[in-house]
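# Fold and contact review
The residues making up each chain are set out below.
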Amino acid sequence: MAGLAKGLAIIELFGEEYPAVTVSSAADETGISRASARRCLLTLTDLGYLTKNGPRFMPTPRMLRLGGSYTGAIPLPQLAQHQLDAAREELGESVSLSILEDGRSTFVARAEAARLVSTAIRLGTRLPAYAAATGRILLSAYDDEALDAYLDAAEPVAMTKHTVTDKAKLKEIIRAASRDKVAFTDEELELGMVSMAIPVFDPDGKLVASMSVSAARPRVTVKDMRKHMLPILRIYAEALSRSL
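The protein is annotated in an unreviewed UniProt entry as IclR family transcriptional regulator of Pseudooceanicola antarcticus.

We now examine unusual backbone geometry. Omega for the peptide link from Arg217 to Pro218 comes to 15°, which places this bond in the cis form. Within the secondary structure, Pro218 sits in the loop between strand E8 (207–216) and helix H9 (222–243). The backbone of Asp102 sits at a positive phi, close to 55°, despite the residue not being glycine. Mapped onto the elements of the fold, Asp102 is located in the loop between strand E3 (94–101) and strand E4 (104–111). Although it is not a glycine, Glu187 sits at a positive phi angle of roughly 60°. Take Glu187: it is sitting in the loop between strand E6 (183–186) and strand E7 (193–201).

This next bit is on the packing of helix H2 (residues 23–30) against helix H3 (residues 34–46). The N-to-C vectors of H2 and H3 enclose an angle of 115°; their axes lie 8 Å apart at closest approach. Crossing angle aside, the handedness with which H2 passes H3 is right-handed. Here H2 contributes Val23, Ser24, Ala26 and Ala27 to the contact with H3, which in turn contributes Arg34, Ala37, Arg38 and Leu41. Residue classes in the contact of H2 with H3 are distributed as 5 nonpolar, 1 polar and 2 charged.

Turning next to the pairing of strand E1 (residues 50–53). On a regular strand, one side chain projects to one face of the sheet and the next to the other, so that they alternate. By the bridge criterion, 4 bridges tie E1 to strand E2 (residues 56–59) in an arrangement that is antiparallel. Directly across from Leu50, in E2, lies its bridge partner Pro59. Taking the residues that link successive antiparallel strands as the turn, the E1-E2 hairpin has 2 residues, and the phi of Gly54 there is positive, at about 65°.

With respect to the secondary-structure elements, Gln83 resides in helix H5 (residues 76–91). On the accessibility criterion, Gln83 (15% relative accessible area) is buried.

Moving on, we get to empty space enclosed by the protein. For the structure on display, the rule yields 1 cavity of 30 Å³ or more. Estimated volume of the largest cavity: approximately 70 Å³. Among the elements of the structure, helix H6 (133–139), E7 and E8 are those that each provide at least two residues to the lining of the largest cavity.

The next subject is the sheet that holds E8. If you walk across this open sheet you meet the 6 strands as E5-E4-E3-E8-E7-E6, and the pairing is antiparallel. Both outer strands of the open sheet, strand E5 (126–128) and E6, are each paired with one neighbouring strand and no more. Adjacent strand axes in the sheet meet at a mean angle of 30° when their direction is disregarded. Bridge analysis of E7 against E8 gives 9 bridges, and the strand direction is antiparallel. Within E8, the position partnered with Pro199 by the bridge is Ser210. Its contacts with the sheet place H9 against E3, E6, E7 and E8, and it is angled at close to 30° to E7.

Another aspect to go through is the packing of H5 against H9. Between H5 and H9, the shortest axis-to-axis distance is 9 Å and the interhelical angle comes to 165°. On the basis of the axis angle, H5 is roughly antiparallel to H9. Considering only the axes of H5 and H9, their crossing is right-handed. Side by side, H5 and H9 meet where Leu79, Ala80, Gln83, Ala86, Ala87, Glu90 and Leu91 of the first sit next to Met229, Ile232, Leu233, Tyr236, Ala239, Leu240 and Ser243 of the second. Split by residue class, the contact of H5 with H9 holds 11 nonpolar, 2 polar and 1 charged.

Cut-off values and rules
Residues numbered from 1 in each chain as written. Predicted model: local features only at pLDDT ≥ 70, side-chain atom pairs only at ≥ 80, totals over all residues. Heavy atoms only, no water. Helix = DSSP H or I, 4+ residues; strand = E, 2+ residues; numbered from the N terminus. Axes fitted to C-alpha atoms, helices over the stretch in contact; angles between N-to-C directions. Left-handed = near helix turned anticlockwise from the far one by under 90°. Contact = heavy atoms within 4.5 Å. Nonpolar A, V, L, I, M, F, W, Y, C, P; charged D, E, K, R; others polar. Pairing = 2+ DSSP bridges. Buried < 20%, exposed > 50% of the residue type's maximum accessible area, 1.4 Å probe, protein only. 1 Å grid on protein atoms, 1.4 Å probe; cavity = no way out; pocket = protein on both sides within 12 Å on 5 of 7 lines; lining within 4 Å. Points joined across faces, edges and corners; volume = space filled by probe spheres on them. Parallel < 35°, antiparallel > 145°, perpendicular 65-115°, else oblique.

Quick look at the structure:
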């Protein structure tokens, strides 16, 4: 265990300040002997976590797996909550995170504004993807074949007099969401409520979730959302994407 502790101390050295270390710098910074530092560095090199260039030891991509295993173990909602809270404080409106499950947009994290927008939206709420801004963003990752299959199987129901139910029109809206990386609903889910959603991507560029903001109308319009809220929401969605 003492050897493990020394090895972890050396691993923790690497970062912006120490992109590479030598035996002497590792020993000086960790307080262990040069002999122990050398053994640890060589062992980490043998295991593929470091590479040696002259006297300097540098981390390999395999080192990322140590942090990646931790990050991968954290549920997406937990990773997202800080960004949702910060976005809510800046926007003054409720901000949510949704994923696609069985053709429905499912809310998995939410930062509620002081003013209640809707009693219908809470954690675990599942909305028809075709009718929700979040769902349209999530469906925008589908290729034409998958999207056609979804729409063929769907039976769009008008939730308000403004809900788009025409399948051809829905396909146009979803393809526009794919192009523009933003989707809106204007009283389609609930009278008096407007919503905007944007994508969240993983490190491989795969769309994994949708971040959204909802507000009461006419206090906030779609035009207001696009002009004033979209740039801010993008900042937090991109920050979440970087943390995945």
